[in-house]
Amino acid sequence: VRSDVFEIRCDTEFEAVMRACAAPRGGQDGGESWIDQRLIEAYTELHGLGGAHSIEAWLGGRLVGGLYGVHLGGLFAGESMFVRPELGGTDASKVCLVYLVAWMRRRGMTLLDTQVHSEHLAQFGCREVDRETYLAMLHDALQVPASWGTFNAGTAREQALALL
């Protein structure tokens, strides 16, 4: 984030982000992803209705990292993220995540559901909670009247830097 290497955009290539998330990753055998054509079509339609969003990292005119998910009130349910280090995108998905959190705070959102806890996400403060706690957090987040708004990378960057 501090190096300002990537151009961060929102929602400019939503479907491309989903397809990149569906692509085989290092260590995978190239088999089927859980993100299939049916899901890509459904989420792309939801995106068109304003309910799903992508945060994208660009370098030299190429999409090198990103994430996507669903926004509802104070909730952003992150679905998947990807990075293309072979195109210079090392850490691009991490930068997108920081921008997402900054944008969520700016818009008054209160819950980022990452679905699965991992050491990768733990370095950003992700914590696992029990079902009862999660349902209470989800209930509270859904009461928040936060809109996504028009993403402003400059504003998000200022907020992201303040998080570091």
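Each chain has its residues counted from 1, running along the sequence as written. In keeping with the model being predicted, local features are shown solely for residues with a pLDDT of at least 70 and side-chain atom pairs are shown and tallied solely at 80 or more, while totals for entire chains, interfaces and linings include all residues. The side-chain numbers reported here are obtained from all heavy atoms of the structure, hydrogens and water having been left aside.

Participant: Sorry if this is basic, but what is going on with the packing of helix H1 (residues 14–22) against helix H2 (residues 37–48) here?
Facilitator: Orientation is described by lines fitted to C-alpha atoms, with helices fitted over the stretch in contact, and by angles between N-to-C directions that extend from 0 to 180 degrees. Each helix is a run of H or I in the DSSP string that is no shorter than four residues. Each strand is a run of E no shorter than two, and both are numbered from the N terminus. Interhelical geometry of H1 versus H2 gives an angle of 150° and a closest axis separation of 10 Å. Looking at the two axes, H1 sits roughly antiparallel to H2. For the pair H1 and H2, the crossing hand works out as right-handed. For the pair H1 and H2, contact is made by Phe14, Glu15, Met18 and Arg19 and by Gln37, Leu39, Ile40, Tyr43, Thr44 and His47, respectively. Taken together, the residues of the contact of H1 with H2 break down into 5 nonpolar, 3 polar and 2 charged. Working definition: roughly parallel below 35 degrees, roughly antiparallel above 145 degrees, roughly perpendicular at 65 to 115 degrees, and oblique for all remaining angles. Crossings are assigned a handedness: left-handed for a near helix turned anticlockwise from the far helix by less than a right angle, right-handed for a clockwise turn. Any two residues having at least one pair of non-hydrogen atoms within 4.5 Å are treated as being in contact. Residue classes follow a fixed rule: Ala, Val, Leu, Ile, Met, Phe, Trp, Tyr, Cys and Pro count as nonpolar, while Asp, Glu, Lys and Arg count as charged, and any other residue, Gly among them, counts as polar.

Participant: Sorry, what's going on with the packing of helix H3 (residues 92–107) against helix H6 (residues 153–163) here?
Facilitator: Between two packed helices, both the angle of their axes relative to each other and the distance between the axes serve to describe the pair. Two elements in contact, H3 and H6, have axes whose closest approach is 8 Å; the angle formed by their N-to-C orientations is 100°. With respect to their mutual orientation, H3 and H6 come out roughly perpendicular. Between H3 and H6, the contacting residues are Val98, Tyr99, Val101, Ala102, Trp103, Arg105 and Arg106 on the first element and Ala153, Thr155, Ala156, Arg157, Gln159, Ala160 and Leu163 on the second. Among the residues forming the contact of H3 with H6, the class breakdown is 9 nonpolar, 2 polar and 3 charged.

Participant: For this particular structure, what's the right way to read the pattern of salt bridges?
Facilitator: For side chains bearing opposite charge, pairing can occur when the charged atoms are close. Criterion for a salt bridge: a side-chain nitrogen of Lys or Arg within 4 Å of a carboxyl oxygen of Asp or Glu. Counted under the stated rule, the structure contains 5 salt bridges. Asp4 is the partner of Arg157 in a salt bridge, and the nearest nitrogen-oxygen pair spans 3.8 Å. In this pair, Arg157 sits in helix H6 while Asp4 sits in the segment before strand S1 (7–10), placing the two residues 153 residues apart along the sequence. Throughout this description, buried means an accessible area under 20% of the type-specific maximum (1.4 Å probe, protein chains only), exposed means over 50%, and partly exposed covers the range between. On the basis of relative accessibility, which here comes to 19%, the residue Arg157 falls in the buried class. Judged by relative accessible area, which is 44%, Asp4 ranks as partly exposed. Close ionic contact of Lys94 with Asp91 constitutes a salt bridge, the shortest N to O distance being 3.3 Å. According to the relative accessible area criterion, Asp91 is partly exposed, its value standing at 39%.

Participant: Would you explain H1 in this entry?
Facilitator: Working note: α-helix, 3.6 residues per turn, so residues spaced by three or four point in the same direction. Those residues of H1 lying buried are Phe14, Val17, Met18, Ala20, Cys21 and Ala22. Packed against the buried residues of H1 are H2, strand S2 (52–59), strand S3 (62–72) and strand S4 (75–83).

Participant: How should I be thinking about a nonpolar patch on the surface in this particular structure?
Facilitator: Residues qualify for a patch when their relative accessible area is over 30% and they have no salt bridge, like charges being joined within 9 Å and the nonpolar side chains of Val, Leu, Ile, Met, Phe, Trp and Tyr within 5 Å. With residues, only the protein chains shown are counted as cover, and all accessible areas are computed by Shrake-Rupley using a 1.4 Å probe. Nonpolar side chains collect at one region of the surface, where Leu161, Leu163 and Leu164 lie side by side and expose about 220 Å² of accessible area between them. If you trace the backbone, Leu163 turns up in helix H6.

Participant: I keep staring at the nonpolar core and nothing clicks. Help me out?
Facilitator: Proteins that are soluble and globular tend to have nonpolar side chains buried together. In this description, a nonpolar core means a group of buried Ala, Val, Leu, Ile, Met, Phe, Trp, Tyr and Cys residues linked to one another through side-chain atoms lying within 4.5 Å. Grouped together as the largest cluster of nonpolar side chains are 26 residues, with contacts concentrated most on Ile8, Ile55, Leu67, Tyr99, Leu100, Trp148 and Phe151. Going through the elements one at a time, S1, S2, S3, S4, H3 and H6 are the ones with two or more residues in this core. Once residues within four sequence positions are removed from consideration, Leu67 is found in contact with Val17, His53, Ser54, Ile55, Phe76, Ser80, Met81, Ser93, Cys96, Leu97 and Leu100. Counting residues in each nonpolar core, the second largest holds 15 residues, with Val17, Leu39, Tyr43 and Leu63 among its members.

Participant: I keep staring at the pairing of S3 and nothing clicks. Help me out?
Facilitator: Consecutive residues of a regular strand have side chains that alternate between opposite faces of the sheet. Summarising burial for S3: 8 of the 11 residues are buried, a large majority. Examined bridge by bridge, S2 and S3 share 8 bridges and lie antiparallel to one another. Looking across to S3, one finds that Ser54 is bridged to Tyr68. Strands are labelled as partners when DSSP assigns at least two bridges between them. Connecting the antiparallel pair S2 and S3 is a turn made up of 2 residues, with Gly60 showing a positive phi of about 60°. Relative to S4, S3 runs antiparallel, the two sharing 8 bridges. Residue Gly65 lies in a different strand from S4, and its bridge partner there is Val83. Connecting S3 to the antiparallel partner S4 that follows it, the hairpin turn spans 2 residues, and Gly73 within it adopts a positive phi of roughly 60°.

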